[in-house]
Amino acid sequence: MGRPMSVVSRLTTGEATLRAGPVSLRLDRRATLIFIVLCLVVFAGVVLNVGYGPYPVPPPAVVRTVLGLGDDAGQAFVINTLRLPRALVAVAVGAALAVSGAILQGLTRNGLAAPDIVGVNAGASLAAVSLIVAVPSVSAAYLQPAALGGAFIVAALLYVLAWRRDSSPVRLVLVGIGLGAIAGAGTTFMITFGEVQQVSLALIWLTGSVYGRGWDELYSFLPWLLLFLPPALFLARRLNALNLGDDVAHVIGVPVRRTRALLLLTSVALAGTAVATAGTIGFVALMAPHIARRMVGTSHGSLIPVAAVTGAAIVVGADLVGRAVLPQVEIPAGIVTAILGAPFFIYLLYRSRNT
Amino acid sequence: MPEVESRAVSKLRTERIRFAYEETTVLADLSVDVPQGRITSIVGPNGCGKSTLLRAMARLLKPRSGTVYLDGEAIANLATREVAKRLGVLPQDPRAPEGLTVRELASQGRYPHQSFLRQWSKSDERAVARSLEITGVDEFADRSLDTLSGGQRQRAWISMALAQETDTLLLDEPTTYLDMGHQLEVLELLARLNREEKQTSVMVLHDLNSAARYSHHMIALCEGAVHTAGPPHEVVTPRVIRDIFGVEADIIYDRRNGSPQCLPYQLLRAAED
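Residues numbered from 1 in each chain as written. Chains lettered and ligands numbered in written order. Predicted model: local features only at pLDDT ≥ 70, side-chain atom pairs only at ≥ 80, totals over all residues.

Chemist: Would you mind showing me how to read the overall build of chain A here?
Modeler: Along the backbone of chain A there are 14 helices and 3 strands. In terms of its C-alpha atoms, chain A occupies a principal-axis envelope of roughly 60 × 55 × 35 Å. The burial tally for chain A puts 51% of its 355 residues in the buried class. For chain A, restricting intrachain contacts to residue pairs at least 6 apart in sequence, the fraction spanning at least 24 positions comes to 72%. (Helix = DSSP H or I, 4+ residues; strand = E, 2+ residues; numbered from the N terminus. Buried ≥ 20, exposed ≤ 12 C-beta atoms within 10 Å, placed from the backbone. Contact = placed C-beta atoms within 7 Å.)

Okay, structure coming up:
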């Protein structure tokens, strides 16, 4: 006690340790740097995104207006009411999907796992589309719990069918794709037999887009994010331990079953509510953790935050690209991420063919 | 190795533990004591319940009935983290994720001593440095595990268990899949830990002769029950080997260390024919 705070850094491992009394924190300097850089990238993406459109606003004016320093009421309306919430939804959804994927990949020790690949997102979609079609004029706030329910049903089936005892990565993916196909068929059924008006609403929502998302959607999503992101960070050390195998994790002090349940809950909740907010923006949850792992390695304390900002950057970027390529049509962000992500998934499958 | 077993206090013991997979009984009311400050080997034929016993002691399996006691408390009632502070365990054939370095692995052994606000204290740093040094893996601490030989890798895993700073180590077949030289590397390390640090070790071993040479106490299991327990010269005898392995064997005594060594010569069935 009463010792001065010390900062120890070691060149070989790139770790810095901050110590003050009984508190000691460990920071991977490289990961911290990358995290900060990516935050700046996301910030730049948001500013560009908000400034871009039929009524362009230069970046400095965007920042001024968002901070409430602008004096142009028209500009303030376009930015603060129309464009800013949409960009922030993109950030939140990207981060949630990426963290969900990072947890699922760590938990199943399977680089092919992601909530959209294994059908969790399809389950969430089915539940949300059913709600939109069956209950006209339903509030956005009800979509979250409904999608969450759908996501959990698929997760439970997946657990029972493919993952109770050490199952192979490819089996998990195959069963997940099967469940996703069933949920997809259910969604198609709802769309085919629904009322035209509800169906068109559901279709817009399904494409996976942040189009037309406003403060309402952001505010109904944020509580879920705030509820489930901290446990993800908190459980990072346990996730590292689980990566040594269940037995080793258990003998170094991790309550394996409880931790696994908590992690699965966190991952599915993040994916389900993200889908409820922006539809199925595919492959972000698969790609972001892989990209982050390339940059900072497998330690989840660094991986989870870096994956989160990577995912945010991908969705903000995809939205910007989708709007810029064909301005009259506005390609949904989900289509842009699929164009990038599908080949990436095939590459991962190809690489894992021998395992 | 000392010939006479001292009456060491047992911190780890089992009392009438029973375990079954479906209808097959694996452990039948097994009571064993682990002498403290000694090396104990559990030996016996395939399927006699060696690993099951070790896993029950490590709290990796919950027995159907009976109790495992650690420091006088029922292990089932202790928190997982509390057990991890008192028992270091090396499960059979552990696998590390790709690219994990030796130092990272050893650091994981500090898990039970850490928390969100206590991620890397000075005692963590000391314990990891010490365990890397004792196991002799410090010279390649920053290399990834997949680049090491089998013996080096096994020593790296032991360094993880040592970093937990527990009085007792449990090892499930620590020498399986290793060649002769690498087996000695691991067993010599355990012997040295015992000599210099009074480390208590319990291991499941396949090789009777290694067990006889490196342990003070042996537990021979047969069909889920203790056949004989005691110092090597009481356990490695023609009678015990005939009973549990069904093999006729001669016992000779190693001139260098006095340990009994078994020379099997024929199957019992053949002798009866």
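Text resumes after the structure shown.
Chemist: How should helix H6 (residues 180-197) of chain B be read in this particular structure?
Modeler: For the α-helix, the turn length of 3.6 residues means that residues three or four positions removed from each other point alike. Residues and elements named next belong to chain B. For H6, spanning 18 residues, the distance from its first C-alpha to its last is 25 Å, which sits close to the expected 26 Å at 1.5 Å a residue. Within the sequence span of H6, burial applies to Gln183, Glu185, Val186, Leu187, Leu189 and Leu190. Lysine 198 sits one or two positions beyond H6 and adopts a positive phi of about 55 degrees. (Expected span 1.5 Å × (residues − 1).)

Chemist: What exactly am I supposed to notice about the pairing of strand E10 (residues 225-230) of chain B here?
Modeler: Within a regular strand, side chains alternate between the sheet's two faces. All names here are of chain B. Strand direction decides the pairing type here: strand E9 (residues 217-222) and E10, joined by 5 bridges, are antiparallel. Among the inter-strand pairings, leucine 221 is bridged to a residue of E10, identified as valine 226. The loop that links E9 with its antiparallel partner E10 comprises 2 residues; one of these, glutamate 223, has a positive phi angle of about 50 degrees. (Pairing = 2+ DSSP bridges.)

Chemist: Just checking my understanding: could you explain the packing of helix H4 (residues 120-134) of chain A against helix H11 (residues 256-278) of chain A for this structure?
Modeler: Packed helix pairs are specified by the crossing angle of their axes together with the interaxial distance, meaning the distance between the axes. Residue and element names in this part refer to chain A. Their axes nearest at 9 Å, the elements H4 and H11 cross at an angle of 45 degrees. Classed by the angle they form, the pair H4 and H11 counts as oblique. Crossing of H4 against H11: the hand is right-handed. On H11, the residues touching Val120, Asn121, Ala124, Ser125 and Ala128 of H4 are Val268, Ala271, Gly272, Val275 and Ala276. For the contact of H4 with H11, the residue count by class is 7 nonpolar, 3 polar and no charged. (Axes fitted to C-alpha atoms, helices over the stretch in contact; angles between N-to-C directions. Parallel < 35°, antiparallel > 145°, perpendicular 65-115°, else oblique. Left-handed = near helix turned anticlockwise from the far one by under 90°. Nonpolar A, V, L, I, M, F, W, Y, C, P; charged D, E, K, R; others polar.)

Chemist: Sorry if this is basic, but what is going on with the sheet that holds strand E8 (residues 200-204) of chain B here?
Modeler: Remark on secondary structure: sheet strands pair via backbone hydrogen bonds, oriented parallel or antiparallel. All names here are of chain B. Spatial strand order, E6-E7-E8-E3-E9-E10: 6 strands in an open sheet with mixed pairing. On the outer flanks of this sheet lie strand E6 (87-90) and E10, each paired with one strand and no other. Averaged over all neighbouring strand pairs, the angle between strand axes comes to 15 degrees, with direction disregarded. Of the strand pairs in this sheet, strand E3 (residues 39-43) and E8 are connected by 4 bridges, and their pairing is parallel. Bridge pairing in E8 links threonine 40 to valine 202. Sitting on the sheet, helix H1 (residues 50-57) touches E3, strand E7 (168-172), E8 and E9, and the angle it makes with E8 is about 145 degrees.

Chemist: Even after reading the chapter, I still don't get the pairing of strand E2 (residues 15-20) of chain A, so can you show me in this structure?
Modeler: All names here are of chain A. For E2 and strand E3 (residues 23-28), the ladder comprises 6 bridges, and the chain directions are antiparallel. Residue pairing for E3: leucine 18 is matched across the bridge by leucine 25. From the end of E2 to the start of E3, which pair antiparallel, there are 2 residues, and glycine 21 there has a positive phi angle of about 55 degrees.

Chemist: Help me understand the UniProt feature "domain: ABC transporter" (unreviewed entry) in chain B in this model?
Modeler: The UniProt feature table records "domain: ABC transporter" (unreviewed entry) at residues 12-248 of chain B. In residues 12-248 of chain B, the share of helix is 36% and the share of strand is 27%. The end C-alpha atoms are 34 Å apart. (UniProt positions renumbered as here; feature names shortened; annotations may be inferred.)

Chemist: Whenever I open this one, the environment of A:Phe77 confuses me. Can you help?
Modeler: Tracing the sequence through the fold places A:Phe77 in helix H3 (residues 73-108). Note: C-alpha distance between A:Phe77 and A:Ala183 (106 residues apart in sequence) is 39 Å.

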